[in-house]
Structure formats: C-alpha cells, structure tokens
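Residue-level structure breakdown
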Amino acid sequence: MHITRLRLAEYRNHVSSDIHFSPGVTLFIGPNGQGKTNVVEAIHVLAFGSSHRTHQSAALINQHATTSVVAAELTHQDRTMTVDISLERNGSNRARANGHPIRVRDLPRYLHAVIFSPEDLRIIRDDPDERRGFIDDVISVLWPRLSAVISDYERVLKQRNSLLKSLRSVPRAQRDLSTLAIWDEKIVSLGTEILFARQAGISALHEPVVTAYRNIVGSEHPITLTMRSRVMENVHADASRDLIADKFTVAMIAALEDDLDRGMTSVGPHRDDVDFELNSLPVKGYASQGETWSYALALKLATAELFRHDALGDPIVILDDVFAELDVHRRHNLAASLSSFEQILVTAAVKDDIPPLDIRASFTVSRGIVEKAELT
Amino acid sequence: MYDGIVQELIDELGRLPGVGPKSAQRIAFHILQTESFDVSRLAQVLTDVREKVKFCEICGNVGEESRCGICRDARRDPSSICVVEEAKDVVAIERTREFRGLYHVLGGSISPMDGVGPDDLRIRQLLTRLSDGTVTEVIIATDPNMEGEATATYITRLLASIEVKVSRLAFGLPVGGDLEYADEVTLGRAFEGRRTV
C-alpha cells in the first residue's frame, strides 16, 4: 500500500498542508523544528490512532485551533480508499474510512505504517510500559480484534482497582467480594487473550528480528525475545488459552490479599515485560549504544516484515531522523534492508546524512509549509 | 466570553449532557434571536417536568403517576420482566413492539469507578417483584459494554437460586449491514449466539 495524498489542517505547525506522494522514496528536508516530523507523525496518528511522540492528542492540535484534521488517500493494487481523523481539543477524536465513521481504535485495520525514529531506543531502555506498548501495537495490527480486547481490559482493570480501593475502607469481616469475583473473571478472560496474543506475537517476531539484526550488523548473533509475566512463570511459550487462563486464575487468587491491601491489581498483562537478549545477555544495561540501536532497528524491521504479509500489502515505512543517529555502515544496511518496500518516507535535517537511496520526490519543510523541491 | 447573563445561559446549557461549548452558544443565540421561539413555554415545561414526573414505584420507569403507564396496562404480560439500565432503554425496546411483558429499570450499571455498586441499583426491588412466583421469565437487557455485562452477570448469579428462567439479550449483527464490514468482536459474538433454524 502507499499514500497518494496527505492533507493536514491545523496539525501542530501545519495550518494547511496538502502533499501528493508517489510510491518509492520520498524525502522531507529542512532544519529542525520546521515541521518535517509532524508530517510523518500525522501518518502514525492515522495508522495507530495516536502519536509516536506523545499520548496527548491536545499537543497535536495547532495552538490556535480547537480541531485538527489529518486525511490520507491510499492505494493498494487497484483499490483506493481514504482515511481521516479529526482531533478535538474538547471532546473525543473521530475517525472515518471512505467517509464512514469508524472507531479510532479500528484505524489499524485500514492503514499500516512502521516508523523508525530516535524514540525507538526507549523501547529497549525505558520502563516496561514502552515494551508493552510496542508488542501491543504489533498484535493489534496482526489481529485487529485485539485492540478492542486491550481497551476492554484497561476499562475492567480501572473498575477492579476502583473497587479494591473502596473495599480497603471496609472492615475485613464485612467485605462483600461477590462483585469483585465478576471483575476478576473479566480480567482473566480478557487478559488471557492479551497474553496469548503477545506470546504469539513475540514468537512470530523472533526469526525476523534475528534476520534483521544480521542484515544490519553483518554478522550472526544469538537473540532471544521472552515475555516476562507473573502469570506465565514456568509456562511453555506455546501454552493453550485454557492453560493460561488456569494459571491466571491461580495467580489472581494468590495475589488477592495483596491486591486488597494495596488497592490495585498486581498480576496481569498490564504488569508484564518483554526481555530482549543479545549474545545471551539483556540488551538493557549490557549492550553498547551501537548494539542497542541495531537491536531497536531490528525490532522495527521485523515488525515491518510481519505487517507485510497482510492483505493490505506493504506497510508504509517511515524513517524519521534516524540516519543522523547511525554510523555510515548501519545507515547503508538499514537502507538496503528496506529497499523493497513499496513506499518509504524519510525525514532529515541535512542531505549528507542520507545513504544512497532511489529518491523519487523531495520536499522542503519550513515553518509548517511543505514545498516540492527539485531532485538533485 | 460574553457579557453577564448571556454567558450564564451558555454555561448552563453547556452543563447538559451531549452539549459542547459550541452547541451551547448556538442554542443560546437561537433562544435570544428567534422571535417565534416561545421562551415562557420552555421555562414552564422545565419547571413542570421536575414537579410532575415521578419514578414508577414498581419498575422505576418515568411517568406522571405513582405507577407508570406500562405497569398500569392490564394487557401487558405480568409473567415476564425485562431488566434495563435506564428509562430511555424502555422507550427503545417499546419502539420494537416485540415485547409485551413488564420492565424493571435498574437506574444504571455496576461501575466502581463511578461509585456505583449493586446496592445503589434497584436490584433488591427486582427480587421483591420475583418473590410471589408470578414472574417466570427475566430478560436481562443491560448495555453490551463491560459495566453492563458485569451487571448482567451479577443479577444472573443472584437469580440462580430462584425458580425463574433468565436470559440475556443476544449480541449480533446489525440488520441491513454487510457481513464483511462487521468487526471480529461483533461477528464472534454473533457466532456464539447463533441459533438453529
């Protein structure tokens, strides 16, 4: 799939931008702070319903406006379609596909994108919620039903935690745990779906990550990806849903007293993590800066490969300011690994950072204004 | 910001559910500028509605007497009760003309986040209605969201010890829609709720 046209209205510093694209590599050049990243961020918003840089959609709306609109026209083989999202300062965001209203969480059904950016290092270095977010984005694209399961799980979790907090103020002997049991069952049934999908997603990623890492660094390295979960302790990676649900129920019962004391749910996919290992050591804390970058790129490359086999064709590959962070060797290998993708959008402050690519179109971005540039 | 009372009107309208600041402004100026608009009539209705409307002592539905129109209607089938969250759900089901029994309005759904537990809903009143054996079927029609489902599960368990048939409204495909556009959750639920023909 590729984007043929992208329109931004009141999106960050773009008051009104209308960009026409073709397949292949498109370059956005301009000094920092002019709005290059905003263009590709908007595509991420259309693909995932949220930005890769912030979770607050208010930050995406031009400071002088109350509504921001991002709209894209897409082509896959002979089919064309449109998707758009309007971001509201007051009220909830709305999305449409071919002009028909859809849920924002259903956007990944229509537009697939993979973004490489300096923020990718956070997947490895930051807190577990970055890694959960990464794997949840992957499973939501592979199995679109999961985005609904995840949002239902988050809702039930909030309800259960509220109930635990209110039970704390009730004397132990007078506590009625009958409604808690109902939320517990929901946590287990929805949480099991998430755990099962994450496990399947991590298994599916493994081979592509190994291949991608080899392509980036040029040599073979042992790599493992493992889900770290209190529910899944001592559970084999290909466990059935029923087995996971049983283990989950046991873990919930074991944690009940603790949960009641603390007023929060201490087991479940919202507390889990993914361990990334390289050469039998955790990447976090052990790998060098260069290795960490290679690993992060390999994760994203693997994601792009996985998304590729879907009915929507190739995901749109976005390289946001990454080349400047990489040495010449990695730049070249990353570009080579991606060369077969249908559409690649690249942002850079200066052209010198970009490895040899078959650039089809080039734009300059200055103060939120996008202009077509001559290819040199 | 507008001067004094105009802004006050906009603020008051903006407090209503579903009315954002822009709509509030539009309604306010409609009230101010449209000559044919009868302000005193609206004011009268607003005052009357609070005074006259009562919640039915049996089912909790809204009406102008101590018992609502449906509970007073002798043609309704007293052996089945449909349990809903809000009075507006009664109106929605009545529009179908499919159900001839009586209703029970819970007044919401179990939602610890909003401080609503089973004791805050009209569940005890439901049990009282079931105690004399007239009712043989309870149809639970709470919303198809997490809170509605939790409420349905809670009531179902409570009724397990009582000799009464309990059912939950089916989840399924929207009529007039295309199968291929249904999301997996809806389609999956429709499969679970399939029936032999």
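The structure under discussion appears in the preceding block.
Presented here is a report on the structure given in the accompanying data block. Treat the numbers as computed from the prediction; the structure is a model and nothing was measured.

This paragraph deals with the overall build of chain B. Across its full length, chain B carries eight helices and six strands. Across chain B, helices and strands are ordered from the amino to the carboxyl terminus as α-α-α-β-β-α-β-α-β-α-β-α-β-α. Relative to a compact globule of 197 residues, whose C-alpha radius of gyration would be 16 Å, chain B shows 21 Å and is clearly more extended. Referenced to the eigenvectors of the C-alpha coordinate spread, the extents of chain B come out at roughly 60 × 45 × 35 Å. Expressed as a percentage of the 197 residues in chain B, the buried residues total 34%. Once local pairs closer than 6 in sequence are excluded, the contacts in chain B between residues at least 24 apart make up 47%. As presented, chain B carries roughly 13100 Å² of accessible surface, and 53% of it is formed by carbon and sulfur atoms. Between the mean site of the 24 positive side-chain charges and the mean site of the 32 negative ones, chain B shows a separation of 5 Å.

Next up on the list: the interface of chain B and chain A. As a measure of interface size, the accessible area lost when the parts come together is often cited. Residue-level contacts link 17 residues of chain B with 21 residues of chain A. When chain B packs against chain A, the two sides together hide about 1600 Å² of surface, and 63% of this comes from carbon and sulfur. Summed over the three residues of chain B that lose the most area to chain A, namely Pro 112, Met 113 and Met 146 of chain B, the buried surface amounts to 37% of that side. Of the charged contacts, one joins Arg 157 of chain B and Glu 185 of chain A as a salt bridge, the two residues approaching to 2.7 Å between their closest N and O atoms. Summed over the shared surface of chain B and chain A, the result is six residue pairs in polar contact (both at pLDDT 80 or more). For the side of chain B that touches chain A, the secondary structure elements donating two or more residues are α2 (21-33), α7 (146-159) and α8 (184-192) of chain B. Ranked by residue count, the leading element in the side of chain B that touches chain A is α7 of chain B, at seven residues. Here the residues of the side of chain B that touches chain A are counted per class, giving nine nonpolar, two polar and six charged.

Quick notes on the rules
- Residues numbered from 1 in each chain as written.
- Chains lettered and ligands numbered in written order.
- Predicted model: local features only at pLDDT ≥ 70, side-chain atom pairs only at ≥ 80, totals over all residues.
- Heavy atoms only, no water.
- Helix = DSSP H or I, 4+ residues; strand = E, 2+ residues; numbered from the N terminus.
- Rg over C-alpha atoms; globule rule 2.2 N^0.38 Å.
- Buried < 20%, exposed > 50% of the residue type's maximum accessible area, 1.4 Å probe, protein only.
- Contact = heavy atoms within 4.5 Å.
- Areas by Shrake-Rupley, 256 points an atom, 1.4 Å probe, with all protein chains shown as cover.
- Lys, Arg positive; Asp, Glu negative; His and termini not counted.
- Charge placed at Lys NZ, Arg CZ, Asp CG, Glu CD.
- Buried area = accessible area lost by both parts, 1.4 Å probe.
- Salt bridge = Lys/Arg side-chain N within 4 Å of Asp/Glu carboxyl O.
- Polar contact = N/O pair within 3.5 Å; in protein donor to acceptor, adjacent residues only side chain to side chain.
- Nonpolar A, V, L, I, M, F, W, Y, C, P; charged D, E, K, R; others polar.

Nothing here speaks to function; it is all geometry.
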